[in-house]
Amino acid sequence: VQLQASGGGLVQAGGSQRLSCAVSGLTFRSITVGWFRQGPGKEREFVASDFRSGGSTTYADSVKGRFTISRDNAKRTVYLQMNGLRPEDTAVYYCAAGTRLILSARRDATQYDYWGQGTQVTVSS
């Protein structure tokens, strides 16, 4: 199993960035995929999830209306489109996959089985 995150970088406040996470070794359509982030001096926090290929998408309040999670089943890739970026969005972003996760646990990082390596997003003011 491998999750490969990419797409991070430096962006100005108000700008956009799209993160990608390529997934291999899992039955892609049946997994829940999530994005988490960890800012400087902060704990890892939930950003967004897509429960079992479009069953339900969920967002943290801090990103709702600005970020969009999506997946391309043919490419086995999950995306996080980030618009209206703010300096407080600066963090290392991680993608994760859960194979047995239930809907009520989709925000819980401990319920995800596999993690990507993280990609840094830096938003300058």
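Everything here concerns the structure above.
Residues numbered from 1 in each chain as written. Predicted model: local features only at pLDDT ≥ 70, side-chain atom pairs only at ≥ 80, totals over all residues. Heavy atoms only, no water.

K.L.:
Summarise unusual backbone geometry; cite the residues concerned and give the values.
P.N.:
A positive phi angle, near 55 degrees, is found at Arg-76, a position not held by glycine. Its location among the elements puts Arg-76 in the loop between β7 (67-72) and β8 (77-82). (Helix = DSSP H or I, 4+ residues; strand = E, 2+ residues; numbered from the N terminus.)

K.L.:
Run through the nonpolar core, naming residues and quoting values.
P.N.:
Grouped burial of nonpolar side chains is what soluble globular proteins tend to show. Ranked by internal contacts, the top residues of the largest apolar core, which has 35 residues, are Trp-35, Val-47, Phe-67, Ile-69, Leu-80, Met-82 and Tyr-93. Listing elements by their share of this core, those giving two or more residues are β1 (2-6), β3 (17-24), β4 (32-38), β5 (45-51), β7, β8, β9 (91-98) and β11 (119-124). It is β9 that provides the largest number of residues to this core, a total of five residues. Every residue in contact with Met-82, bar those within four places of it in the chain, is listed here: Gly-15, Ser-16, Gln-17, Leu-19, Arg-66, Phe-67, Tyr-93 and Val-121. (Core = buried A, V, L, I, M, F, W, Y, C linked by side-chain atoms within 4.5 Å. Buried < 20%, exposed > 50% of the residue type's maximum accessible area, 1.4 Å probe, protein only. Contact = heavy atoms within 4.5 Å.)

K.L.:
Could you give an account of the packing of aromatic side chains, naming the residues involved and the relevant values?
P.N.:
A full pass over the atoms with the stated rule returns five aromatic pairs. Ring centres of Phe-36 and Tyr-112 lie 5.2 Å apart, and the angle between their planes is 80 degrees; on these two criteria the pair is classed as edge-to-face. Here the residue Phe-36 occupies a position in strand β4, and Tyr-112 occupies one in the loop between β9 and β10 (114-115), the gap between them amounting to 76 residues. By relative accessible area, which is 1% here, Phe-36 ends up buried. With a relative accessible area of 5%, Tyr-112 lands in the buried category. Between Phe-36 and Trp-115 the ring centres are 5.1 Å apart and the planes differ by 50 degrees, which places this aromatic pair in the tilted class. Here the residue Phe-36 occupies a position in strand β4, and Trp-115 occupies one in strand β10, the gap between them amounting to 79 residues. (Phe/Tyr/Trp six-rings, centres within 6.5 Å; stacked < 30°, edge-to-face > 60°.)

K.L.:
How would you explain the state of the cysteines if you had to name every residue and give the values?
P.N.:
Under the criterion given, the structure shown has one disulfide. Across the disulfide from Cys-21 sits Cys-95; the S-S distance is 2.1 Å. Here the S-S torsion is close to 65 degrees, and the disulfide linking Cys-21 with Cys-95 is therefore right-handed. Taken together, the residues span a long stretch of sequence, with Cys-21 in strand β3 and Cys-95 in strand β9 at a distance of 74 residues. The same class applies to Cys-21 and to Cys-95, which are both buried. (Disulfide = S-S within 2.5 Å.)

K.L.:
Can you tell me about the environment of Gln-38, naming the residues and giving the values?
P.N.:
With respect to the secondary-structure elements, Gln-38 resides in strand β4. The exposure class assigned to Gln-38 is partly exposed, which follows from its relative accessible area of 29%. C-alpha separation for the pair Gln-38 and Pro-87, spaced 49 residues apart in sequence, amounts to 13 Å. In this view, Gln-38 contacts Glu-43, Arg-44, Ala-91, Val-92 and Tyr-94; residues no more than four positions away in its chain are not counted.

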